[in-house]
Structure formats: structure tokens, C-alpha cells
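# What the coordinates show
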Amino acid sequence: MGNPILFAVLALFAIGSALGMVLSRNAVHSALWLIFNFSLVAVLYVVLNAPFIAMVQVTVYAGAIMVLFLFVIMLLAADMPRAIIPTRSAHTLLAVVLGTAMVAILGYVFLRGAAPAVGGADPIDTAPITLGFLLFETYVLPFQVTAVLLLVSMIGVVVLTVRRGKSNA
Amino acid sequence: MPEVTIDWYVALGVILFTIGAIGVLVRRNAIVIFMSIELMLNAANLVFVAFARHLGNLDGQVFVFFVTTVAAAEAAVGLALIVTIFRTKASINVDAINSMRG
């Protein structure tokens, strides 16, 4: 499942960019670090024989969703110095302790029980057409439900953000 | 040279998820908290794709689509909530949103 050196480089940069996202004082820098992280994960998807998912990752995640984030940051001027919010040291300490415990527990459970015996299946056909047939035949009901979800969220966003009680005429 | 197995991808997913969880706990900026949630969803996606490759099965990749859809809906509604809160509180510090504190 890929070249070890390539994986190591991508994984290190992905972890580094994730840390950069959490540690940046400026929200715009956080967003840029997250875009970098999403791009690196997209490369991992290509390595994992999922080229279409990689394209979706770049266009939807790194493209659409992050542009939405950057747009809201600019709308609220959240990169202004007054909006840089200090973190509390007690929270930070507790979060780091809990995070370390989480990694330890997940690592222990994974290494203890779930280590798979087989090294991995042969690469399968992951062309968009194959994926599309699976999506529109086996998973057609969940697909329709996600359509309803998107419609509801769109209506919700409009209801939340429209200014009521003012005549816009 | 060691072969890259599923373990490596799961380990990377766990680390990225934990960094996202720490981000949610530590940061006070609501926008950065939402970005941390996106990072956690992305870590789950990575593990989905890795297991799809490992098991020779496409179902994991289809689930990534659904996760992406939910992430997009969540980001849109969340950011709309942040904009609405900013209008009333003039702040996106989550500590300022304590009207219901007893």
C-alpha cells in the first residue's frame, strides 16, 4: 500500500500541518494549514487507489468548504488582533493529557486485537464509473437521504442568516 | 524496506483525529473549532479509504462521499450559526456564549 518513504513524508507533513492548524494564532493561517493538510491527504488517497475520492477531496474539501471558512473569516474580520483569543493553560494541559490518553488507548486496542493477518487485497477497479454504479444501485437510498440533508441544511442556512424585521426594499 | 500496511494508515488517522479533538478542546475561536471538526472527519475518511484498499472493497469509498456530504452540510450550518452569534454577541469566542449558565 505505497512506498514507505512516500508515506512517511506525507504523514509527517500531514501531522505537522494539523498541528499548525491547531496552534496558529491567526484564523486565516489555521485555514491555510488545513488546506495544506487536505491536499496531503488527497495524495494519500491516490496512493490508496482512490483517485476519484482524491479529486473530491481537493474540489469539495480544500476547495468549497475551505473557501466558505475563509469567506466567513473575512466577513467577521476574525483575523483582527482583537479577535485573537488566548487559550487557557488549564484547558490546554487537560486537553493534551486527554489526547495522549486517547492515542494510547486507541493504539493499545488496535495493536492488541485488531491487527489484520492479511497484508492487503489486490488493487480493485476504482474508476468513477464503478463507484457510480455502486452509489446509484446499492446505496441509492442513502444517496437520496443525503440529498434531503443538503436541502434541509441549505434552507436552514437561509433561515438562520436572513435578517428579519427589516424591509430590504 | 518495511511494507506499508493498514496499521500505518490507522495510526495516522488516530493521530490526526486526536489533534482535531485537542483543537476542539483548546481553542476558543469558534471558526477554528469547526476547522478541527473538519480535521476529525477527514481522519475518519482516511481510515475508510485505507480499509477499502485493504479489504479490496469499494463500500468504504462510497461512505467517504456520505461523510463529505455531512461535512459540507455541517460546515454550512455551523458557519451560519457563527455569523448569527456574531451579530448578537459581537464575538466568536465560545466562552462568551454563556447565557444559559446556571
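Summary of the structure given here. Just so it is clear, the structure is predicted and the values come from calculations on it, not from any experiment. (Residues numbered from 1 in each chain as written. Chains lettered and ligands numbered in written order. Predicted model: local features only at pLDDT ≥ 70, side-chain atom pairs only at ≥ 80, totals over all residues. Heavy atoms only, no water.)

## Some details on the packing of helix α1 (residues 4–23) of chain A against helix α2 (residues 27–47) of chain A
Residue and element names in this part refer to chain A. Viewed as axis vectors pointing N to C, α1 and α2 meet at an angle of 155 degrees, and their least axial separation amounts to 8 Å. Here α2 runs roughly antiparallel to α1, going by the angle between their axes. Crossing geometry of α1 relative to α2 is assigned as left-handed. Between α1 and α2, the residues in contact are Leu 6, Phe 7, Leu 10, Phe 13, Ala 14, Ser 17, Ala 18, Gly 20 and Met 21 and Ser 30, Trp 33, Leu 34, Phe 36, Asn 37, Leu 40, Val 43, Leu 44 and Val 47, respectively. (Axes fitted to C-alpha atoms, helices over the stretch in contact; angles between N-to-C directions. Helix = DSSP H or I, 4+ residues; strand = E, 2+ residues; numbered from the N terminus. Parallel < 35°, antiparallel > 145°, perpendicular 65-115°, else oblique. Left-handed = near helix turned anticlockwise from the far one by under 90°. Contact = heavy atoms within 4.5 Å.)

## A short note on empty space enclosed by the protein
Within this structure, the stated rule accounts for two cavities of 30 Å³ or more. The computed volume of the largest cavity comes to approximately 50 Å³. Leu 48, Asn 49, Asp 122, Pro 123, Ile 124 and Thr 126 of chain A together with Ala 52, Arg 53, Gly 56, Asn 57 and Gln 61 of chain B are the residues that line the largest cavity. Looking at side-chain class alone, the lining of the largest cavity contains four nonpolar, five polar and two charged residues. (1 Å grid on protein atoms, 1.4 Å probe; cavity = no way out; pocket = protein on both sides within 12 Å on 5 of 7 lines; lining within 4 Å. Points joined across faces, edges and corners; volume = space filled by probe spheres on them. Nonpolar A, V, L, I, M, F, W, Y, C, P; charged D, E, K, R; others polar.)

## A look at the side chain of Gln 61 of chain B
Positionally, Gln 61 of chain B belongs in helix α3 (residues 59–89). By relative accessible area, Gln 61 of chain B is classed as buried at 3%. In this view, Gln 61 of chain B contacts Asn 49, Ala 50, Ile 53, Thr 126 and Leu 131 of chain A together with Ala 52 of chain B; residues no more than four positions away in its chain are not counted. (Buried < 20%, exposed > 50% of the residue type's maximum accessible area, 1.4 Å probe, protein only.)

## Some words on the packing of aromatic side chains
One pass over the full model with this rule turns up eleven aromatic pairs over all chains. Plain terms: the ring middles of Phe 7 of chain A and Tyr 9 of chain B are 4.7 Å apart, the flat faces sit at 70 degrees to each other, and that makes the pair edge-to-face. Within this pair, whereas Phe 7 of chain A is found in helix α1, its partner Tyr 9 of chain B is found in helix α1 (residues 6–26), the two belonging to separate chains. The same class applies to Phe 7 of chain A and to Tyr 9 of chain B, which are both buried. Here the aromatic rings of Trp 33 of chain A and Phe 36 of chain A are separated by 6.4 Å at their centres, their planes lie at 50 degrees, and the arrangement is tilted. Of the two residues, Trp 33 of chain A and Phe 36 of chain A both sit in helix α2, three residues apart, roughly one turn of that helix. According to the relative accessible area criterion, Phe 36 of chain A is partly exposed, its value standing at 34%. Site record: aromatic cluster; members linked through ring pairs are Tyr 139 of chain A together with Phe 48, Phe 63 and Phe 66 of chain B. (Phe/Tyr/Trp six-rings, centres within 6.5 Å; stacked < 30°, edge-to-face > 60°.)

## Side note on helix α3 (residues 51–76) of chain A
Residue and element names in this part refer to chain A. Taking 1.5 Å of rise per residue, the 26 residues of α3 would be expected to cover 38 Å, and the 36 Å separating its terminal C-alpha atoms lies within 8% of that figure. Remark: the principal bend of α3, roughly 30 degrees, maps to Met 66. In the stretch just after α3, Ala 77 is the one whose phi turns positive, near 50 degrees. (Expected span 1.5 Å × (residues − 1). Bend = angle between axes of the 7 residues up to and from the residue.)

## With respect to the interface of chain B and chain A
Each partner contributes to the interface: chain B provides 71 residues, whereas chain A provides 84 residues. Carbon and sulfur atoms supply 78% of the area that chain B and chain A bury against each other, a total of about 7100 Å² over both sides. Viewed at the interface, chain A and chain B are joined by zero salt bridges. Those elements that provide at least two residues to the side of chain B that touches chain A are α1, α2 (30–55) and α3 of chain B. For the side of chain B that touches chain A, the element with the highest residue contribution is α3 of chain B, accounting for 24 residues. (Buried area = accessible area lost by both parts, 1.4 Å probe. Salt bridge = Lys/Arg side-chain N within 4 Å of Asp/Glu carboxyl O.)

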